[in-house]
Structure formats: structure tokens, C-alpha cells
Amino acid sequence: MRGKGVRTGTWVAAGWLMVILHTASWASDAPTAQQWLQKLQTAADKLEYTGVFVYQQGGAVQASRVVHVVEPDGAREKLEVLDGTPREVFRQGDETRCLMPDSRTVLVERGAQRDAFPALLQATPQKIAQYYDVKRVGSERVAGLDTDVLTLGPRDKMRFGYRLWVDRQTGLLVKAQTMDERSQIVEQIAFTELRIGGPIDRNALKPSWDTQGWRVEHASATTQALTRWSVNSAVPGFEKTREVKRAVAGQHDVGQFVFSDGLAAISVFIEPWREGKPVAEIVANRGSLNMLSRRHNEWLITVLGEAPMASIRAFAGAVEIRNPPSVKP
């Protein structure tokens, strides 16, 4: 009996050793957190997929259906809003078309950045890791898929934290949460249905309405240096990505500076102050978005972004006038 017990114990020990060695081998081959960031950075554009995702911000919940295909000349996408006022958004290249049947209007804009879910990152994983502590913290199932869970903890108090669920097989982002300074969830977006790959009917990319006779409006946004104003990055890691001038209802121009740290974006809007506009400072919050608006001489400055109010205030204080206030931007 003693010899049998020894042999049995030896086989058990050997079995556990094989399990440990196999697990260690798998762990060494498993992607690092930064490698997952690299995968999800391209998966949203390179893969074909269709599904329904739900966006939650505060008490507001909205479901949308997305169809994303890849053609020889680039990606094409249709986003259909399923709740509330009906509308559909089509993206191809740098052009975005929004169909609004209630007003029989097609809004066309060029030069829009591709940063809508499940696309997320606008910088390299290495740059993001400078300002966020990236960790893999576990695995969960989302929309029927096995996912790896990543946390992106802010390295300072000037940005929010994130929790990401990434499809283990393809690298596609399937769920994301934004956490504020108190680690409270302020925004969540997740697929409830998702099919990745396989044949996707191109007819699903067609509009639901015949738009013949609809009014077509072109959003006027001219990319140019706004030389009469200066806005420098007020928060480490946030780099200027765009300077544009927008025409508002044909009445006046609005200058817009866009800054991003690769995850979050902050916009600074500058327009002539007019009677009826706020004189005192106004602040507002909705989910992950913070907003500050205040008068600066003859101008109205509005800062809007997915960042703590400390960052919003820092950018509001970074605006400098280069020319007399009577000159428009």
C-alpha cells in the first residue's frame, strides 16, 4: 500500500507540474495589456461586424445598431439609432452623413475623426501608457464572447479612468466604462448582440428612407490655424489635434481647438459674445462630459470634454488673445 501511495502521489504531483508548466507557457504567450491596446486600436476598422450596443449616461439609455464592412477602398459603416428620434449615420472615409427624417434633412460633414464606439484609441499604446496604468485584471463573457478585461487607471487627477472588455479572439472592443475621480461609473457602452466576420449583407448599409427631395446641409468646418487666438495644452498628455473654424447659422464664426490624450478629448470653442449670452460663469455636467462657459472680454469661451472639471478649468484659463477683441477669430 505504501508503494502504491507513493506512485499515486508521484503521478498526481507530475500532473500538477504539467498543469503549472502549461499555464505558465500560456501566460507567457498571452498578450500583454499594451498588446491588447494595439489590437483593439485597429480591430474596429479592419474587421467586419454587425450588432446592437447600448449607451448609458446617467439615467439616459440609448440603443443603436451598427453595420461595419471593409471594402477595397476602405471601411463603410451605418449606425442606426433605435430609441427616441429616428436618425441614421453613415461613415465612409472622412465623410459623415446624418439622415434626420423628422426634418427631411441630410447633414454632411467632412474631416470628422473616427472615434465612435467600438473605435476608441487615438494614440499609440506607448503614449497612452505614459498617462494611464494599463493592467489586465481578469476575463468575463460579454454578448456571448470571451473577453479580457483591462483597466486604464489615470496616473494623475486630470483625467478619468477606464475599464475595457476586449474580445479575446479578435481584439474588438465590446464594452467600455468610464470612471470619475471617485471611481464611480459615469458612462457605459456595451454590445448586447454582436457578430464578427462572416458574410454581411451589403443591403444593410442602405438608408431606411428615400432621401430624394430632402434638404442637404453641409457642416461648414474649415481646418485652419486660428492665428488670432492661442490655446496651449494645459494638461500634460493632451495634444492639439485640430483647429477648425465653423460657421454658425451664417451669423458668425466659431473657432474650435481640439485636444486629446489618445483616449479623452477636450474642445475649446471661441465665439463673439452677444447680448443674451451668459456673463457669469456657467458649469454643467452630464455623465463623463464636463462643460464650462464664461465671458472673456468680447468673447464667449466654452470648454467641453471627457475629463474632470480641474482639466476643463485649466484649458479655459489657457486661452490667450493675440489680437484686439473686436477682431473675429
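Rules used throughout
- Residues numbered from 1 in each chain as written.
- Predicted model: local features only at pLDDT ≥ 70, side-chain atom pairs only at ≥ 80, totals over all residues.
- Heavy atoms only, no water.
- Helix = DSSP H or I, 4+ residues; strand = E, 2+ residues; numbered from the N terminus.
- Buried < 20%, exposed > 50% of the residue type's maximum accessible area, 1.4 Å probe, protein only.
- Salt bridge = Lys/Arg side-chain N within 4 Å of Asp/Glu carboxyl O.
- Polar contact = N/O pair within 3.5 Å; in protein donor to acceptor, adjacent residues only side chain to side chain.
- Core = buried A, V, L, I, M, F, W, Y, C linked by side-chain atoms within 4.5 Å.
- Contact = heavy atoms within 4.5 Å.
- Pairing = 2+ DSSP bridges.
- Arc of directions from axis to C-beta.
- Expected span 1.5 Å × (residues − 1).
- Axes fitted to C-alpha atoms, helices over the stretch in contact; angles between N-to-C directions.

Engineer: Is there a simple way to explain the overall build of the protein chain in this structure?
Structural biologist: Within the protein chain, the regular secondary structure consists of 4 helices and 21 strands. Counting only residues that meet the buried cut, the protein chain has 41% of its 329 residues in that class.

Engineer: For this particular structure, what's the right way to read the pattern of salt bridges?
Structural biologist: It is possible for side chains bearing opposite charge to pair when their charged atoms get close. According to the stated counting rule, one finds 19 salt bridges in the structure shown. Arg155 is the partner of Asp133 in a salt bridge, and the nearest nitrogen-oxygen pair spans 3.9 Å. With Asp133 in strand E7 (residues 132–142) and Arg155 in the loop between strand E8 (145–154) and strand E9 (161–167), this residue pair connects regions lying 22 residues apart in the sequence. The shortest N-O distance in the salt bridge between Arg313 and Glu281 comes to 2.8 Å. Of this pair, Arg313 sits in helix H4 (residues 309–316) while Glu281 sits in the loop between strand E17 (265–272) and strand E18 (282–286), and the two are 32 residues apart along the sequence. One network of salt bridges, in which partners are shared, links Glu48, Glu71, Arg76 and Arg202.

Engineer: What's the story with the side chain of Glu77 in this structure? I'm lost.
Structural biologist: Positionally, Glu77 belongs in strand E3 (residues 74–81). In this structure Glu77 comes out as buried when scored by relative accessible area, which is 4%. Side chain to side chain, Glu77 and Arg91 meet in a polar contact 2.6 Å long.

Engineer: Explain the nonpolar core to me, please; I cannot follow it from the model alone.
Structural biologist: As a rule of thumb, soluble globular proteins bury nonpolar side chains together. In terms of nonpolar packing, the biggest core is built from 57 residues, with Leu37, Leu152, Leu164, Val268 and Phe315 touching the most fellow members. If you tally residues by element for this core, the top one is helix H2 (residues 33–46), at 6 residues. Every residue in contact with Leu37, bar those within four places of it in the chain, is listed here: Leu121, Pro125, Ile128, Val134, Leu150, Leu152 and Leu164. Grouped together as the second largest cluster of nonpolar side chains are 5 residues, Phe90, Leu99, Val108 and Trp214 included.

Engineer: Which parts of the structure should I look at to understand the pairing of E3?
Structural biologist: Each regular strand displays side chains that alternate between the two surfaces of the sheet. Pairing of strand E2 (residues 60–71) with E3, which is carried by 8 bridges, proceeds in the antiparallel orientation. Across the sheet, Val67 pairs through a bridge with Lys78, a residue of E3. Adjacent in sequence and paired antiparallel, E2 and E3 are bridged by 2 residues. Note: E3 against strand E4 (residues 87–92), 6 bridges, orientation antiparallel. Pairing of Glu77 across the sheet is with Arg91, part of E4.

Engineer: Help me out: how do you make sense of H4 in this one?
Structural biologist: For an α-helix, 3.6 residues make a turn, and residues three or four places apart therefore share a direction. Buried within H4 are the following residues: Met309, Ser311, Ile312, Phe315 and Ala316. Each buried residue of H4 lies within a common arc of 160 degrees when the element is viewed along its axis, so the set occupies one face.

Engineer: Sorry, what's going on with the environment of Leu47 here?
Structural biologist: Counting through the fold element by element, Leu47 comes out in the loop between H2 and strand E1 (49–57). Take Leu47: its relative accessible area is 22%, and that puts it in the partly exposed class. Along the primary structure Leu47 and Gly197 are separated by 150 residues, whereas in three dimensions their C-alpha atoms are 6.8 Å apart. Setting aside anything within four residues of it in sequence, one finds Leu47 in contact with His68, Val70, Thr170, Leu172 and Ile196.

Engineer: Even after reading the chapter, I still don't get H2, so can you show me in this structure?
Structural biologist: Over its 14 residues, H2 extends 20 Å from the first C-alpha to the last, a length consistent with the 20 Å expected when each residue adds 1.5 Å. Looking at H2, one finds that the buried residues are Ala33, Trp36, Leu37, Leu40, Ala43 and Ala44. Buried residues of H2, seen end-on, are gathered within an arc of 135 degrees and therefore sit on one face of the element. Where H2 is buried, its residues touch E1, E2, helix H3 (125–131), E7, E8 and E9.

Engineer: I tried to follow the environment of Gly198 on my own but got confused; where do I start?
Structural biologist: Among the structural elements, Gly198 can be located in the loop between strand E11 (185–196) and strand E12 (215–218). Among the residues examined, Gly198 registers a relative accessible area of 47% and is labelled partly exposed. Sequence-wise, Gly198 and Tyr49 are 149 residues apart; in three dimensions their C-alpha atoms are separated by 8.2 Å.

Engineer: Hey, could you run me through the sheet that holds E8 in this one?
Structural biologist: Whenever strands of a sheet pair, they do so through backbone hydrogen bonds, lying parallel or antiparallel. Taken in spatial order, the 12 strands line up as E7-E8-E9-E10-E11-E1-E2-E3-E4-E5-E6-E12 in an open sheet, and their pairing is mixed. Looking at the sheet topology across the chains shown, the edges are occupied by E7 and E12. The sheet shows a mean angle of 15 degrees between the axes of neighbouring strands, direction not considered. Pairing geometry for E1 and E11, over 8 bridges, is antiparallel. Following the sheet pairing, Phe53 is matched in E11 by Phe191.

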